[in-house]
Amino acid sequence: MREITYLEAVREAMSQEMRKNDDVFILGEDIGVYGGAFGVTRGMIEEFGPERVRNTPISESGIAGAAVGSALTGMRPILELQFSDFITIALDQIANQAAKVRYMYGGKGKVPMVLRTPSGSGTGAAAQHSQSLEAWVAHVPGLKVVQPSTAYDVKGLLKAAMDDDNPVIFYEHKLLYKSKSDVPEEQYSIPLGQADVKREGTDTTIVATAIMVQRALEAADELEKEGISVEVIDPRTLVPLDEETIIKSVSKTGRLVVVHEAVKRGGYGGEIASMIAESAAFDYLDAPIKRLGGAESPIPYNPELEKAHVPQVPDIVKAVKETLNRK
Amino acid sequence: MEKLNVPEQISNDKLKDIYKQMWLIRYFDEKVDEFFAKGMIHGTTHLAVGQEASAAGACAVIEQKDKITSTHRGHGHCIAKGATVDKMMAELFGRTTGYCKGKGGSMHIADVEMGNLGANGIVAGGIPLAVGSALTAHMKKLDYVTLCFFGDGATNEGSFHEALNLASVWNLPVIFICENNQYGMSGSVKEMVKVEDIATRSKSYGFPGVVVDGNDVVEMMNVTNEAVERARKGEGPTLIEAKTYRWKGHSKSDAKKYRTREEEKEWKAKDGIKRFKEVLLEANILTEEQEEVLRKEAKKEVEDSVEFAKNSPMPGKEELLTDVYA
Ligand SMILES: Cc1ncc(C[n+]2csc(CCOP(=O)(O)OP(=O)(O)O)c2C)c(N)n1
Ligand SMILES: [Mg+2]
């Protein structure tokens, strides 16, 4: 198998689908000759032309609504939002329209669209270009929410998202675009709602999302040197959530650390923690659940402050040790 | 010495200040460009090299009590509204002495007390804010106007249209200044807007729109002054479209595949600074020697700002959680 980057995997997933299915098209700002703000669509307008790679005006609400409307009438759009922060502008069309149309219409009609967007901090882009707002959309019934953490996962999950007949919010992480893994050339699908055990262990379970999966794995490596065995689970999709895999793991280890980049307060980690508290795994807990997340402030510009905002490897190491009452 | 055809309140000394300020804007952004290229500043930046005349000309006719809102390409507006480059450079270096204590960076420089309501990372985000600022002036019967800067690309956002309509129906003292530099990132205005002049968009909202050569600082002053007078008299908003061009790429990395080197050359020939210099020399307001002195002063201010920034302290970790709430 060959290695490709996360970014290339996203592009390949879209291109392969677009070659097969004329109903699939992509729209977004600067996705034409510019190749998208992060270069994901580079070369696609050359292959598919401006009808199917639609370079749009700067109009997030308009293009989101156009995606929803075209999906409702037979197309399968992929909407690229330049930064996930701008979902705030598109949100009426996503939360009030896309998510609810089918239900409000009594099960008639469907909205098969994917909203792809890069999220996360670490690039010095400050408060309005660095947020992780996945909990906002996870709160809205009718939307599915995906957060891939590897090149392999992103290709398979995007295929599943494009095949899905529902609106899927697909978060790509800026810092992961250059990360590489073995990725099959042919199309394959990873079902939405299937977590992945990224590392097996016995002492503590870490549930981590997006860039935090990498950091959790690094933390696990460090902890192993001290004889602590950590299991790392990547849910991969927040909605639907693979509760079973997490419950099984926590029942085995008896300890849980949940870590995401999004602000801790109101973050999806709270959902995972309370899911465990309500489950059969509760009886197996040997320590309070630990949650790690972003600080309760906007994301600062200064690089040191920006780092301090978000959980880092030492924070995860410390949290795991706390669940084990170790220093 | 001749008197130029400029607003009454603009003295010849003021014209020299404006000239120097244009160089200050250019040198500042060129310095920032250099630092980003060398990796000395992190994050991203948007430079207004080539667009100095619109910021300098528009802000020349307002007073300290007046307010502005700016954009991601906002260093020029900031300087023109009277910011010191020391605190701006310190902000870009993420230092405590910066305008935002290092928390905002290039896209968020603001000085609320001085009437600069901030740059903005959200395209068109500042336009409704400017309307709100004008609403305060109206409701509190304060005699200030608000200049609202934004780009051509921003006029395709819903915020632009909603804000213009609000300003119109409430008859507010706000001047919308669209700096049409021909592109919103890679989107050519020819492809993204179907009207010839963005200024005509004001017609849908029932107030005047004016097209102006955005690289002509004198014309910028005159047109803005007229709009400001209208606003102060309670006659409502104006939309000014300043046609200009950004010389550099959109932001830090931009291969500029969406435009030609030819086109860039044509626009560079219309350099607003060079043209203003010729006007000032011709009118004997400035001599060649004086011109050089002003330019050198501007350059030195920028050099000094770098020293100031480098010698300023970094914020401590405790700053992460301050300033979140008032
Ligand atoms: C709401 C929103 N959409 C997209 C972006 C990304 N973006 C930043 S600047 C820019 C282009 C803006 O064009 P224009 O308004 O013409 O201003 P210019 O950059 O030309 O000064 C884009 C698309 C953003 N920051 N905010
Ligand atoms: Mg523009």
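Since this is a predicted model, take the numbers as computed values, not measurements.

Undergrad: Would you mind going over the sheet that holds strand β3 (residues 53-55) of chain A with me for this structure?
TA: All names here are of chain A. Here seven strands make up an open sheet; going across it, the order is β3-β2-β4-β5-β7-β6-β12 and the pairing mixed. Looking along the sheet, the strands with just one partner apiece sit at the ends: β3 and β12 (237-239). Taken over all neighbouring pairs, the strand axes of this sheet differ in orientation by 20° on average, direction set aside. As defined by bridge partners, strand β2 (residues 24-28) adjoins β3 across three bridges and the pair is classed as parallel.

Undergrad: Whenever I open this one, the side chain of aspartate 30 of chain A confuses me. Can you help?
TA: Turning to its location among the elements, aspartate 30 of chain A is positioned in the loop between β2 and α2 (44-52). It turns out aspartate 30 of chain A is buried and unbridged, and the closest side chain with the opposite charge, arginine 246 of chain B, is 7.5 Å from it. In this structure the side chain of aspartate 30 of chain A is engaged in a polar contact, spanning 2.5 Å, whose partner is the side chain of serine 186 of chain B. The contact partners of aspartate 30 of chain A, leaving out residues within four places of it in the chain, are Gly35, Gly36, Asn55 and Gln82 of chain A together with Gly184, Met185, Ser186 and Gly187 of chain B.

Undergrad: For this particular structure, what's the right way to read the site of ligand 1?
TA: Around ligand 1, a shell composed of 23 residues is seen, among which Glu60 of chain A together with His72, Arg73, Gly121 and Gly153 of chain B lie nearest. Chains contributing residues near ligand 1 are chains A and B. Contact between ligand 1 and valine 123 of chain B: a nitrogen atom at 3.0 Å from a main-chain N or O atom of the residue. At 3.0 Å from an oxygen atom of ligand 1 is found a side-chain nitrogen or oxygen belonging to aspartate 152 of chain B. Protein chains shield 97% of the accessible area of ligand 1, which is 580 Å² for the free molecule. Residue classes in the shell around ligand 1 are distributed as eight nonpolar, nine polar and six charged.

Undergrad: Sorry if this is basic, but what is going on with the interface of chain A and chain B here?
TA: Interfaces are frequently sized by the accessible area removed from exposure as the parts join. Taken residue by residue, the interface counts 35 residues in chain A and 39 residues in chain B. Summed over both sides, the interface of chain A with chain B buries roughly 2,800 Å², with 62% coming from carbon and sulfur. When residues of chain A are sorted by the area they lose upon contact with chain B, Tyr34, Ile58 and Tyr301 of chain A head the list and together hold 27% of the total. Between the two partners, chain A and chain B, sit twelve residue pairs in polar contact (both at pLDDT 80 or more). Broken down by element, the residue count for the side of chain A that touches chain B peaks at six residues, all from helix α11 (residues 303-309) of chain A.

Undergrad: What exactly am I supposed to notice about a nonpolar patch on the surface here?
TA: Residue and element names in this part refer to chain A. Together, Leu72, Met104 and Tyr105 give the surface a local cluster of nonpolar side chains, amounting to about 300 Å² of exposed area. One can find leucine 72 in helix α3 (residues 60-72). Residue leucine 72 is classed as partly exposed on the basis of its relative accessible area, which comes to 34%.

Undergrad: Honestly, the domain arrangement of chain A in this entry has me stumped. Any pointers?
TA: All names here are of chain A. With domains assigned, chain A is organised as domain 1 (3-182) and domain 2 (196-323). Spacing between the C-alpha centres of domain 1 and domain 2 amounts to 26 Å. Residue-level contacts link 27 residues of domain 1 with 24 residues of domain 2. The contact between domain 1 and domain 2 buries some 2,000 Å² in all, and 58% of this surface belongs to carbon and sulfur atoms. Per-residue buried area on domain 1 facing domain 2 is highest for Ser121, Gln147 and Ser149; these three make up 23% of the total on that side. Along the contact surface separating domain 1 from domain 2 lie two salt bridges. Between aspartate 153 and arginine 236 there is a salt bridge, with its nearest N and O atoms 3.0 Å apart. The interface formed by domain 1 and domain 2 holds twelve residue pairs in polar contact (both at pLDDT 80 or more) in total. Looking at the side of domain 1 that touches domain 2, the elements with two or more residues in it are α6 (134-138), β6 (144-146) and α7 (151-163). Split by residue class, the side of domain 1 that touches domain 2 holds twelve nonpolar, twelve polar and three charged.

Thresholds, definitions, all that
- Residues numbered from 1 in each chain as written.
- Chains lettered and ligands numbered in written order.
- Predicted model: local features only at pLDDT ≥ 70, side-chain atom pairs only at ≥ 80, totals over all residues.
- Heavy atoms only, no water.
- Pairing = 2+ DSSP bridges.
- Helix = DSSP H or I, 4+ residues; strand = E, 2+ residues; numbered from the N terminus.
- Axes fitted to C-alpha atoms, helices over the stretch in contact; angles between N-to-C directions.
- Buried < 20%, exposed > 50% of the residue type's maximum accessible area, 1.4 Å probe, protein only.
- Lys, Arg positive; Asp, Glu negative; His and termini not counted.
- Salt bridge = Lys/Arg side-chain N within 4 Å of Asp/Glu carboxyl O.
- Polar contact = N/O pair within 3.5 Å; in protein donor to acceptor, adjacent residues only side chain to side chain.
- Contact = heavy atoms within 4.5 Å.
- Near = heavy atom within 4 Å.
- Areas by Shrake-Rupley, 256 points an atom, 1.4 Å probe, with all protein chains shown as cover.
- Nonpolar A, V, L, I, M, F, W, Y, C, P; charged D, E, K, R; others polar.
- Buried area = accessible area lost by both parts, 1.4 Å probe.
- Patch = residues over 30% accessible without salt bridge, like charges linked within 9 Å, V, L, I, M, F, W, Y side chains within 5 Å.
- Domains from an automatic or database assignment.

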